[in-house]
Amino acid sequence: MTRHTFILNGTSVTVDVDDDVRLLWVLRDVVGLTGPKYGCGINVCKACTSHLNGKAFNPCSVRVKDILPTDEVTTIEGLADTVPGDLHPMQEAWLEYDVAQCGYCQPGQIMAAVAKVRQARAKGRTITEADLDEIRNVCRCGTYSRIREAIKAGADHM
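Procedures and definitions
- Residues numbered from 1 in each chain as written.
- Predicted model: local features only at pLDDT ≥ 70, side-chain atom pairs only at ≥ 80, totals over all residues.
- Heavy atoms only, no water.
- Axes fitted to C-alpha atoms, helices over the stretch in contact; angles between N-to-C directions.
- Helix = DSSP H or I, 4+ residues; strand = E, 2+ residues; numbered from the N terminus.
- Parallel < 35°, antiparallel > 145°, perpendicular 65-115°, else oblique.
- Left-handed = near helix turned anticlockwise from the far one by under 90°.
- Contact = heavy atoms within 4.5 Å.
- Domains from an automatic or database assignment.
- Buried area = accessible area lost by both parts, 1.4 Å probe.
- Salt bridge = Lys/Arg side-chain N within 4 Å of Asp/Glu carboxyl O.
- Expected span 1.5 Å × (residues − 1).
- Buried < 20%, exposed > 50% of the residue type's maximum accessible area, 1.4 Å probe, protein only.
- Polar contact = N/O pair within 3.5 Å; in protein donor to acceptor, adjacent residues only side chain to side chain.
- Pairing = 2+ DSSP bridges.
- 1 Å grid on protein atoms, 1.4 Å probe; cavity = no way out; pocket = protein on both sides within 12 Å on 5 of 7 lines; lining within 4 Å.
- Points joined across faces, edges and corners; volume = space filled by probe spheres on them.
- Nonpolar A, V, L, I, M, F, W, Y, C, P; charged D, E, K, R; others polar.

Caption draft 1: The arrangement of the packing of helix H3 (residues 89-96) against helix H6 (residues 144-156) in detail. Remark: H3 packs on H6, axes separated minimally by 8 Å, with the N-to-C direction vectors making an angle of 135 degrees. One element, H3, and the other, H6, form an angle in the oblique class. Seen from above, H3 lies across H6 with right-handed handedness. Residues Pro89, Met90, Ala93 and Trp94 of H3 form the contact with H6, whose own contacting residues are Ile147, Ala150, Ile151, Ala153, Gly154 and Ala155.

Caption draft 2: Summary view of the domain arrangement of the protein chain. Split into domains, the protein chain comes out as domain 1 (2-75) and domain 2 (82-156). Each of domain 1 and domain 2 has a C-alpha centre, and the two are 21 Å apart. Domain 1 puts 15 residues into the contact, and the matching count from domain 2 is 11 residues. Together, the buried faces of domain 1 and domain 2 total about 1,000 Å²; carbon and sulfur atoms form 65% of this surface. Broken down residue by residue, the surface that domain 1 buries against domain 2 is led by Lys37, Thr49 and His51, which jointly contribute 40%. The tally of links from domain 1 across to domain 2 stands at 0 salt bridges. Of all the secondary structure elements, the ones that give two or more residues to the side of domain 1 that touches domain 2 are strand S3 (50-52) and strand S4 (55-57).

Caption draft 3: Up close: H6. Helix length check: H6 (13 residues) gives 19 Å between terminal C-alpha atoms against 18 Å at 1.5 Å per residue, within 8%. Residues of H6 that are buried: Ile147, Ala150, Ile151, Ala153, Gly154 and Ala155. Residues of H6 that are buried sit in contact with H3, helix H4 (106-122) and helix H5 (129-134).

Caption draft 4: Up close: the side chain of histidine 51. When you line up the elements, histidine 51 lands in strand S3. Of the residues examined, histidine 51 reaches a relative accessible area of 1% and is grouped as buried. One polar contact links histidine 51 to arginine 118, side chain to side chain, over a distance of 3.5 Å. In this view, histidine 51 contacts Ala56, Phe57, Glu72, Val73, Thr74, Leu79, Met111, Val114, Ala115 and Arg118; residues no more than four positions away in its chain are not counted.

Caption draft 5: Spotlight on the sheet that holds strand S1 (residues 2-8). The 5 strands are arranged S2-S1-S5-S3-S4 in an open sheet whose pairing can be described as mixed. With one partner strand each, in any of the chains shown, strand S2 (11-17) and S4 form the two edges of the open sheet. The mean inter-strand angle of the sheet, taken between neighbouring strand axes irrespective of direction, is 40 degrees. Relative to strand S5 (residues 72-74), S1 runs parallel, the two sharing 2 bridges. Within the sheet, the bridge partner assigned to isoleucine 7 lies in S5 and is glutamate 72. Helix H1 (residues 23-31) rests against S1, S2, S4 and S5 of the sheet, and its axis sits at about 95 degrees to S2. Each of S3, S4 and S5 is contacted by H4, which is oriented at about 45 degrees to S3, the strand it contacts most.

Caption draft 6: How the structure looks around the layout of surface pockets. Looking at the largest pocket, its volume works out to about 290 Å³. If you go around the largest pocket, you meet 17 residues; those closest to its centre are Ala56, Ala112, Ala115, Lys116 and Gln119. Listing elements by their share of the lining of the largest pocket, those giving two or more residues are S4 and H4. Top element by residues in the lining of the largest pocket is H4. It accounts for 6 residues. Class assignment for the residues of the lining of the largest pocket results in 6 nonpolar, 5 polar and 6 charged.

Right under this line is the structure:
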């Protein structure tokens, strides 16, 4: 086993695991964060979406050895800490628009939405319908219309 250090939700963490362990399993089984969900393990369903250095990524497809000590990983558990207040504006919008049914995909959906809004803002524009179309997180309950409305509302308050 090898020691791996990275920044997780604002705090430096060190784990002792094999190099080829996927980061999702480090987050869930070693560190104990259960927000990023296991759905497919092959970067398709996006249930585990988190942020790596501010951009959406899927820890199910990244080996822990590929994460640098200076890399910042943010999961849904740390999202609220990136803004003032108790919840991130996107989380507030999720509640306001009553998005969740089973809730399994919601952490990944929220993390993807926040990253997409930030990406649009970095380009000097607001989020568009085309941007929303690019969010490919799978929701088995099919709450896509509420998800889209919540993303727009959350973006207005970010």
